[in-house]
Amino acid sequence: MKYWQYLVRRLAGILVSLIGLSIIIFTTSRVLPGNPARMALGALASEEQVQALAAEMGLNKPIPLQYLDYMRGLLVGDLGTSLETKRAVSTDIVYYLPATLELITVSMFLTVVIGIPLGVIAAQNKDGLADNATRLVAFFSVSVPGFFVAIMFQLIFGYLLEWLPITGRLGSEFGSGVSRFTGFLLVDTLLSGNLAAHVDAWAHIILPALALSLAGIGQVMRITRSSMIDVKDQDYVEAERGFGLPSWLVTYKYTLKNAFIPTLTILGLLYASLLGNAFLIELVYSWPGLASYGVTAVLNNDFNAVVGVTMTIGVAFVSINFLVDVLLGRVDPRIRLAMEEAT
């Protein structure tokens, strides 16, 4: 089987997975207790008004027919109307998604620049002081809940030291001076030419991003360490040392490159999972992102928003995993060749 055939099969599997996800989340959202029409209109609405809205929303139809109607709308980008915001769910997702993407992207950047170097240092000092110290850091980061770390950061850096803001994305004094171009404040502040607001945006994002990245740092650190230890004693690495190449060159160019495959896989899974796992951090920091929007939708039985958010996260998850598969084939040709030779 050619590599491109493998990718086509992966795409077909992704499509089947997304259809399965849509069936499960759509059915679940429709059988939850409570009347969405009543919740949308409020307790003071008459029964006739509730029945009229239910008919308008198609809630009187059998669930399979409701699902087919939803899928027809989905094909043209219509995810229904949010009962909470009274806007199209697709509009809400476009509005809230950049805030979450910005948060998890900065979080992933911190995971890479902290986790990988510490993993390399641990591998270079196997069973030494640095290795044991990074092991403790990894255990702490993986075992302590992210929301607890987020609250501790607020207490230490917000209330005690007063170094950084602890809620929101931007100070209220900059609200009117920044235009929305992309929804990414780190970009919009630059496009607006407001450098002070750009610095303030960084100050607001650093604590939630660090709290969100902590568990990933521990995982990436340990995976990088294990992979580096497996690779660094191989013959070709010894040969490069024998040729007199500098130690840093052997470590970061030849050893880390071949040890990076498991780390890349973990990074892809982390980025996708953070889309769904960021809600606690967003709640703690009052971060107006997609995860926070999804939690509000669940609490208010806003079924269209629940399905829309879940499908968005699902599409992002499978897309990133597919991208990782493509990158693995490019980074390590042995994977692609082994697959082609196996058939």
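Values in this document were obtained by computation on a predicted structure and should not be read as measured data. (Residues numbered from 1 in each chain as written. Predicted model: local features only at pLDDT ≥ 70, side-chain atom pairs only at ≥ 80, totals over all residues. Heavy atoms only, no water.)

## Quick notes on the nonpolar core
Thought 1: Among the nonpolar cores identified, the biggest contains 62 residues, and Ala-211, Leu-212, Tyr-285, Leu-290 and Tyr-293 are the most heavily contacted of them.
Thought 2: By residue number, the principal contributor to this core is helix 5 (residues 89-124), which donates 13 residues.
Thought 3: Those residues in contact with Tyr-293 that sit more than four places away from it in its chain are Ser-82, Thr-85, Val-89, Asp-92, Tyr-96, Ala-305 and Val-309.
Thought 4: Core analysis: the second largest hydrophobic core is formed by 8 residues, Ala-40, Ala-45, Ala-54 and Phe-303 among them. (Core = buried A, V, L, I, M, F, W, Y, C linked by side-chain atoms within 4.5 Å. Buried < 20%, exposed > 50% of the residue type's maximum accessible area, 1.4 Å probe, protein only. Helix = DSSP H or I, 4+ residues; strand = E, 2+ residues; numbered from the N terminus. Contact = heavy atoms within 4.5 Å.)

## So, unusual backbone geometry
Thought 1: In the Ramachandran plot, Lys-86 falls in the positive-phi region, its phi being about 65° despite a non-glycine side chain.
Thought 2: Mapped onto the secondary structure, Lys-86 falls in the loop between helix 4 (63-75) and helix 5.
Thought 3: Note on Lys-86: relative accessible area 52%, which makes it exposed.
Thought 4: The phi angle at Ser-286 is positive, at roughly 50°, despite the residue not being glycine.
Thought 5: Looking at the secondary structure, you find Ser-286 in the loop between helix 12 (279-284) and helix 13 (290-299).

## Focus: the environment of Val-324
Thought 1: When you line up the elements, Val-324 lands in helix 14 (residues 303-331).
Thought 2: In this structure Val-324 comes out as buried when scored by relative accessible area, which is 8%.
Thought 3: Taking the C-alpha atoms as reference points, Val-324 and Ser-22, 302 residues apart in sequence, are found 23 Å from one another.
Thought 4: Leave out the neighbours within four places in its chain, and Val-324 touches Leu-264, Thr-265 and Gly-268.

## Some points on the pattern of salt bridges
Thought 1: Tallied over the entire structure, the rule returns 9 salt bridges.
Thought 2: Salt-bridge contacts for Asp-69 lead to Lys-61; the nearest nitrogen and oxygen are separated by 2.9 Å.
Thought 3: Take Lys-61: its relative accessible area is 41%, and that puts it in the partly exposed class.
Thought 4: Across the salt bridge formed by Arg-169 and Glu-102, the nearest N and O atoms sit 2.7 Å from each other. With Arg-169 in the loop between helix 7 (146-160) and helix 8 (185-191) and Glu-102 in helix 5, this pair connects stretches of sequence that are 67 residues apart.
Thought 5: Given the relative accessible area of 12%, Arg-169 is considered buried.
Thought 6: A residue is classified by how much of its surface remains accessible, and Glu-102, at 5% relative accessible area, is buried.
Thought 7: Ionic contacts of the salt-bridge type, sharing partners, join the residues Asp-131, Arg-135, Arg-222 and Arg-225 into one network. (Salt bridge = Lys/Arg side-chain N within 4 Å of Asp/Glu carboxyl O.)

## Remarks on the UniProt feature "domain: ABC transmembrane type-1" (unreviewed entry) in the protein
Thought 1: The feature "domain: ABC transmembrane type-1" (unreviewed entry), as annotated in UniProt, sits at residues 97-328 in this numbering.
Thought 2: Helix and strand shares over residues 97-328 are 79% and 0% respectively, and the end C-alpha atoms of the span are 27 Å apart. (UniProt positions renumbered as here; feature names shortened; annotations may be inferred.)

## Some details on the packing of aromatic side chains
Thought 1: Scanning the entire structure with this criterion turns up 6 aromatic pairs.
Thought 2: Residues Phe-26 and Tyr-70 carry aromatic rings whose centres are separated by 5.4 Å and whose planes lie at 45° to one another, so their mutual orientation is tilted. Taken together, the positions of Phe-26 in helix 1 (residues 3-31) and Tyr-70 in helix 4 put the pair 44 residues apart, joining distant regions of the chain.
Thought 3: Here Tyr-70 falls in the buried class, since its relative accessible area comes to 7%.
Thought 4: Taking 5.1 Å as the distance between ring centres and 90° as the angle between the ring planes, the aromatic pair formed by Tyr-95 and Tyr-96 counts as edge-to-face.
Thought 5: Given a relative accessible area of 41%, Tyr-95 falls into the partly exposed group.
Thought 6: According to the relative accessible area criterion, Tyr-96 is buried, its value standing at 18%.
Thought 7: One aromatic cluster in this structure is built from Phe-26, Tyr-67 and Tyr-70.
Thought 8: It is Arg-87 that lies over the ring of Tyr-95; its NZ or CZ is 5.6 Å from the centre. (Phe/Tyr/Trp six-rings, centres within 6.5 Å; stacked < 30°, edge-to-face > 60°. Lys NZ or Arg CZ within 6 Å of the ring centre and 35° of its normal.)

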